[in-house]
Amino acid sequence: MMPPIDPHGLSAMPAPYWFVQFFKALGFTLHMVPMNLWYAGLLLAMVLHLCGSEHGRRFSGRLMTQMPVLVALGINFGIVPLLFVQVAYYKAFYSATILTAWFWLAIVGLLIPAYYGVYAYALGLRNEQAGLASWRKAAGWGAAMLFILIGFLFANGWSLMTNVGAWSRLWENHSVGGATLGTALNVADRTFWPRWLLMFGLALMTTAAWLVVDAAWFARKENETYRQWASSFAWKLHTAGAIWFAAAGSWYVFGAWQAGLRASMSTGWLHVLMIATALAPGLPWILMALGRKQAPRRATALGIALAQLGVLAVNATSRQVVQNLELKAYLDVAAIREEVQVSPLILFLAVFVAGLGVIGWVIAQAVKASATEPGQSGV
Ligand code: HEM
């Protein structure tokens, strides 16, 4: 086992502990919204285009037309938690990503063709009235597979960051003359597979919520039957996602967590947090069930969007607590000295708020524009 790091020997944290924890979890929650839509939504869009109903193909076209913007948003939102990982968790983050270096670097190499694939498909939807060329369909399927692979590599990297006990064994198995080869993966970790699958369940539920939000706020030119279909299909999709989430979550908590971690998470407010995380998907599910027989109204869709955002936020919070508990024996981030540097914090906050402002404006323009656009989904 790696000897624990003395937090007092580390350079001081330039931001308060609570600030780092809050913005890391908030940043990851914002990252998860669009990330979930390309993680599960992209694959769903390909399947619906291939063998879905007329309405299914319409949703597939709508989501794929929006996907280039969603990928841009998701990547930028991912930078926020990455920043705070590097500020407070660098001792664990760099050690882990060096062990898995080639796979970690491959994320960039895989993301570029995945992004081009999304663009090729979306542009085909816009320009090819006679239906999509086969190479564009292949590009769409390729992108869907690449994003799932990237998600696999991310889950590997982040789970390895806290699986400190495995580092020396992985180093021994993946090094020559003491130099690491960077070819290690964390697939032998019991928590890895359920953790990876858990995110996919969340992604199915987020895609279901997006289907309702899109139908109520952006698809106003689509016909009524499409929007009624959207409500009922979204409920079925959310139900499938909730079952997947419950199965992967139970495997993760009861089948893969160390006993000590489970004991900590079953005590006091952490126990309340764990139960809230398990039950949170129930709220958007109930709202969808109540509205599944009619076209979604804007207020209901907003309620469903906020409820799903709540699901992602409570998951990001639990994940953050578990990350700190898993790392504590090796690196206790809460014990690192603080020397708060106010000016970079003010700059970060100003840019963060301005960024959210710009995104809010972009969404408002999209809502306005949707009132005038014809039902173009390229199917
Ligand atoms: C290059 C742009 C991206 C950046 C900067 C980024 C950043 C991050 C960060 C910082 C985290 C961990 C957050 C934390 O521990 O608090 C994370 C987690 C994650 N990201 Fe991204 N991400 C990016 C692209 C992607 C892509 C393309 C996918 C594909 C599906 C993806 C899927 C995931 C998943 C599944 C997790 C959770 C892994 C786990 O902990 O199990 N990300 N991302």
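So, here is what we can say about the structure in this document. These numbers were taken from a predicted model, which means no experiment stands behind them.

**Some remarks on the coordination of the iron atom of the ligand**
Within the protein, just one atom coordinates the iron atom of the ligand: His31 (NE2), at a distance of 2.2 Å. Inspection of the secondary structure puts His31 in helix α1 (residues 17-51).

**Observations concerning the pattern of salt bridges**
When the charged atoms of two side chains with opposite charge come close together, those side chains can pair. One pass over the structure, following the stated rule, counts six salt bridges. Salt-bridge contacts for Arg58 lead to Glu54; the nearest nitrogen and oxygen are separated by 3.7 Å. Placement of the pair is Arg58 and Glu54 together in helix α2 (residues 54-88), with a separation of four residues, close to one helical turn. Between Glu224 and Arg227 there is a salt bridge; the shortest N-O distance is 3.3 Å.

**Some details on the site of the ligand**
Neighbouring the ligand are 22 residues; Lys24, His31, Trp38, Arg195 and Arg319 lie closest to it. With respect to the ligand, the side chain of Lys24 contributes an N or O atom lying 2.8 Å from an oxygen atom. Within the side chain of His31, one N or O atom sits 3.0 Å away from a nitrogen atom of the ligand. Of all elements in the fold, only α1, α2, α5 (134-162), α7 (192-218) and α12 (298-327) reach the threshold of two or more residues within the shell around the ligand.

**Some details on the nonpolar core**
In summary, soluble globular proteins display a tendency toward joint burial of nonpolar side chains. Grouped together as the largest cluster of nonpolar side chains are 115 residues, with contacts concentrated most on Tyr39, Leu42, Met67 and Met161. A total of 18 residues in this core trace back to one element, the largest contributor, which is α7. Among residues more than four places away in sequence, those in contact with Tyr39 are Phe147, Ile148, Gly151, Phe152, Trp196, Met199, Phe200 and Ala203.

**A few points about the packing of α1 against helix α13 (residues 342-370)**
Where α1 meets α13, the closest approach of the two axes is 14 Å, and the angle between their N-to-C directions is 20 degrees. With respect to α13, the element α1 is oriented roughly parallel. Here the hand of the crossing between α1 and α13 comes out left-handed. Every residue of α13 that contacts α1 at Phe19, Phe23, Leu26 and Leu30 is listed here: Leu345, Phe348, Leu349, Phe352 and Leu356.

**Describing the environment of Ala138**
Its place among the elements puts Ala138 in helix α5. Taking the C-alpha atoms as reference, Ala138 lies 36 Å from Val314; in sequence the two are 176 residues apart.

**Quick notes on the packing of α2 against α7**
Running from N to C, α2 and α7 point in directions that differ by 90 degrees, and their axes come no closer than 11 Å. It follows that α2 is roughly perpendicular to α7 by the angle criterion. Counted together, Phe59, Arg62, Leu63 and Gln66 of α2 and Thr207, Trp210, Leu211, Asp214 and Phe218 of α7 form the full contact between these two elements. Of the residues in the contact of α2 with α7, the class split is five nonpolar, two polar and two charged.

Conventions adopted
- Residues numbered from 1 in each chain as written.
- Predicted model: local features only at pLDDT ≥ 70, side-chain atom pairs only at ≥ 80, totals over all residues.
- Heavy atoms only, no water.
- Donors = N, O, S within 2.8 Å, 3.2 Å for Na, K, Ca; no water.
- Helix = DSSP H or I, 4+ residues; strand = E, 2+ residues; numbered from the N terminus.
- Salt bridge = Lys/Arg side-chain N within 4 Å of Asp/Glu carboxyl O.
- Near = heavy atom within 4 Å.
- Polar contact = N/O pair within 3.5 Å; in protein donor to acceptor, adjacent residues only side chain to side chain.
- Core = buried A, V, L, I, M, F, W, Y, C linked by side-chain atoms within 4.5 Å.
- Buried < 20%, exposed > 50% of the residue type's maximum accessible area, 1.4 Å probe, protein only.
- Contact = heavy atoms within 4.5 Å.
- Axes fitted to C-alpha atoms, helices over the stretch in contact; angles between N-to-C directions.
- Parallel < 35°, antiparallel > 145°, perpendicular 65-115°, else oblique.
- Left-handed = near helix turned anticlockwise from the far one by under 90°.
- Nonpolar A, V, L, I, M, F, W, Y, C, P; charged D, E, K, R; others polar.

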